[in-house]
Amino acid sequence: EVQLVESGGGLVQPGGSLRLSCVASGFNFDSYAMTWVRQAPGKGLEWVSGIGGVGGSILYADSVKGRFTISRDDAKNTLYLQLNSLKTEDTAMYYCAKTLNVGFYVMDAWGQGIRVTVSS
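Residues numbered from 1 in each chain as written. Predicted model: local features only at pLDDT ≥ 70, side-chain atom pairs only at ≥ 80, totals over all residues. Heavy atoms only, no water.

Caption draft 1: Main features of the pairing of strand β4 (residues 34-39). Burial of β4 is extensive: five of the six residues sit out of reach of the surface. Taken together, the six bridges between β4 and strand β5 (residues 45-51) define a ladder with antiparallel strand orientation. Residue pairing in the sheet places Gln 39 in a bridge with Leu 45 of β5. Where β4 folds back onto β5 in an antiparallel hairpin, the turn is made up of five residues, including Gly 42, whose phi is positive at roughly 75°. Inspection of the sheet shows β4 paired to strand β9 (residues 92-99) by six bridges, in the antiparallel sense. Across the sheet, residue Gln 39 finds its bridge partner in β9, namely Met 93. (Buried < 20%, exposed > 50% of the residue type's maximum accessible area, 1.4 Å probe, protein only. Helix = DSSP H or I, 4+ residues; strand = E, 2+ residues; numbered from the N terminus. Pairing = 2+ DSSP bridges.)

Set out below in structure tokens:
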């Protein structure tokens, strides 16, 4: 059974930083591209970033480019998202997701989500 468990969210002031983690189990983590998506209060899902398998590509949404950094540690089956220069509009539930390896936008498993609140 595929399991994805996020952690690291919380309340942070504008301009602050957080690092989200997602521990994966139940599949060969290093063989799959992984993504982060988010859902702001009252809005739809927004794709944030994706990272390929070993040596694979990295892609960001324009809204987070230059501020967020995605990475992975395949030895620890863990996906990360470093959030810097946070803005109030980054407030959302953040989900990590496993892809079907047909690009970054087709996903078949999600974590339970972790809340990030950016507020002064």
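Past the structure itself, the notes keep going.
Caption draft 2: View of the sheet that holds strand β8 (residues 78-83). What the four strands build is an open sheet, ordered β1-β3-β8-β7; its pairing is antiparallel. Each edge of the sheet is formed by a strand with only one pairing partner; in this case those strands are β1 (3-7) and β7 (68-73). Pairs of neighbouring strands in the sheet enclose a mean axial angle of 15°, with direction left out of account. With five bridges connecting them, β1 and strand β3 (residues 18-25) associate as antiparallel partners. Considered in β3, the bridge of Glu 6 is made with Cys 22. (Axes fitted to C-alpha atoms, helices over the stretch in contact; angles between N-to-C directions.)

Caption draft 3: Summary view of the pattern of salt bridges. This structure, assessed with the given rule, holds six salt bridges. Asp 74 is the partner of Arg 72 in a salt bridge, and the nearest nitrogen-oxygen pair spans 2.8 Å. By relative accessible area, Arg 72 is classed as buried at 16%. The exposure class assigned to Asp 74 is partly exposed, which follows from its relative accessible area of 23%. For Lys 98, the salt bridge is made with Asp 108, and the minimal N-O distance between the two is 3.0 Å. (Salt bridge = Lys/Arg side-chain N within 4 Å of Asp/Glu carboxyl O.)

Read these as spatial facts, not as claims about activity.
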